[in-house]
Amino acid sequence: MRAMLLEKPRPVDENPLRLAELPLPVPAAGEIRIRVRACAVCHTDLHIVEGDLPLPKLPIVPGHQIVGTVDALGEGVTEFREGDRVGVPWLYSTCGECPYCLKGLENLCERGRFTGYHVDGGYAEAMVAPAAFAYELPANFADLDAAPLLCAGVIGYRALKLSNVQPGERLGLYGFGASAHIVIQMARHMGCHVYVFTRAESHRQMARLLGAEWTGAAGDPAPAELDAAIIFAPAGKLVPEALRALRKGGTLALAGITMSAIPEIEYRLLYQERVLRSVANSTREDVRSFLRLAAEIPVRTEIEPFQLPEANHALENLKSSRIHGAGVLVI
Ligand SMILES: [Zn+2]
Ligand SMILES: [Zn+2]
């Protein structure tokens, strides 16, 4: 099978991913093999190929927003049949027995494995995944439209939940990539007022189209105090900006897997019970709840398609904010 393989991390403009011919993976007990149809690209993939994250496996095939068709079953699989359409997200497997798993925080599992990071992912014609960590996808999404739901959507859903924003409240979004595109639709569905802080005018236009009440650049004074805010951009300097806009007792959630250093702040920015928290991975329950909600709203995803061998190019576009919505590899 064809796959985009990372052997050594490098800046994305040096084409770190190489088109390779790999043996077709064989599903072990409890696993399914998936013939991949689409895999959306994510900022985490960019951090992997550029080596911003420690890499537990090399070479690796990235990709963790996978939509495809089950084409082989490992021993004992009862959840799916050949031909079923499934999605595979970032959370690939958990141990089920560590203190976090037992507390319902499997997103923080001590031995959690992640798709396209600990194991080969979806920048390939096929991949294998545990059946217990794959999901049936709502029928109202075409393959390409469903792909960004699996990380941009799921992480956005968890970030929105952890921001503790309540129906009708004021929510600030910092950065307007694929995840924020989906979060704004969930927030509007809750009747929230959404304020979007982003540099590019084209992103602001899209935010207004999707129901933002106000748009501006980071650092612009918000038109009203925020009840909650989410930072998607990996820029630590946004943290004091967002805290400054937040009301007493409000929550600021950080949705990224990595971020540049957060500048020193005066305690008064955090005092008055403001909450600053990060968002890590997601649980299977998050995925299921989000997919139900996405079908109900229904969430609209903006797609920019690329062919599999163009994966470097897709990531380069993501890095320079030239993608509006989600970049998706068509496989
Ligand atoms: Zn665990
Ligand atoms: Zn992701």
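The notes below deal with the structure included here.

Thresholds applied
Residues numbered from 1 in each chain as written. Chains lettered and ligands numbered in written order. Predicted model: local features only at pLDDT ≥ 70, side-chain atom pairs only at ≥ 80, totals over all residues. Heavy atoms only, no water. Axes fitted to C-alpha atoms, helices over the stretch in contact; angles between N-to-C directions. Helix = DSSP H or I, 4+ residues; strand = E, 2+ residues; numbered from the N terminus. Parallel < 35°, antiparallel > 145°, perpendicular 65-115°, else oblique. Contact = heavy atoms within 4.5 Å. Nonpolar A, V, L, I, M, F, W, Y, C, P; charged D, E, K, R; others polar. Donors = N, O, S within 2.8 Å, 3.2 Å for Na, K, Ca; no water. Buried < 20%, exposed > 50% of the residue type's maximum accessible area, 1.4 Å probe, protein only. 1 Å grid on protein atoms, 1.4 Å probe; cavity = no way out; pocket = protein on both sides within 12 Å on 5 of 7 lines; lining within 4 Å. Points joined across faces, edges and corners; volume = space filled by probe spheres on them.

A few points about the packing of helix 5 (residues 178-189) against helix 8 (residues 284-296)
Their axes nearest at 11 Å, the elements helix 5 and helix 8 cross at an angle of 70 degrees. As far as their axial angle goes, helix 8 and helix 5 are roughly perpendicular. In contact with Ile 182, Met 186 and His 189 of helix 5, helix 8 contributes Phe 290, Leu 293 and Glu 296. Partitioning the contact of helix 5 with helix 8 into residue classes produces 4 nonpolar, 1 polar and 1 charged.

A few points about the coordination of the zinc ion (ligand 2)
At 2.0 to 2.2 Å from the zinc ion (ligand 2) lie its protein donor atoms, namely Cys 42 (SG), His 64 (NE2) and Cys 151 (SG). For His 64, a relative accessible area of 0% corresponds to the buried category.

Some remarks on the packing of helix 4 (residues 152-162) against helix 8
Running from N to C, helix 4 and helix 8 cross one another at 100 degrees; their axes reach a closest spacing of 9 Å. By the angle between their axes, helix 4 is roughly perpendicular relative to helix 8. Of the residues in helix 8, those touching helix 4 at Gly 153, Val 154, Tyr 157, Arg 158 and Lys 161 are Asp 286, Val 287, Ser 289, Phe 290 and Leu 293. Taken together, the residues of the contact of helix 4 with helix 8 sort by class into 5 nonpolar, 2 polar and 3 charged.

What about the layout of surface pockets?
Taken as a whole, the largest pocket holds about 1,200 Å³ of empty space. Considering the residues around the largest pocket, the lining is formed by 46 residues, among which His 43, Gly 175, Phe 232, Ala 233 and Pro 234 are closest to the centre. When contributions to the lining of the largest pocket are tallied by element, the ones reaching two or more residues are helix 1 (43-49), helix 4, helix 5, helix 7 (238-245) and helix 9 (311-319). Sort the elements by how many residues they give to the lining of the largest pocket and helix 1 lands first, with 4 residues. Classifying every residue of the lining of the largest pocket by side-chain character gives 26 nonpolar, 14 polar and 6 charged. Volume-wise, the second largest pocket comes out at about 210 Å³. Lining the second largest pocket, in full, are Glu 79, Phe 80, Ala 131, Ala 132, Ala 134, Tyr 135, Glu 136, Leu 137, Pro 138, Arg 288 and Leu 291. Partitioned by chemical class, the residues of the lining of the second largest pocket number 8 nonpolar, no polar and 3 charged.

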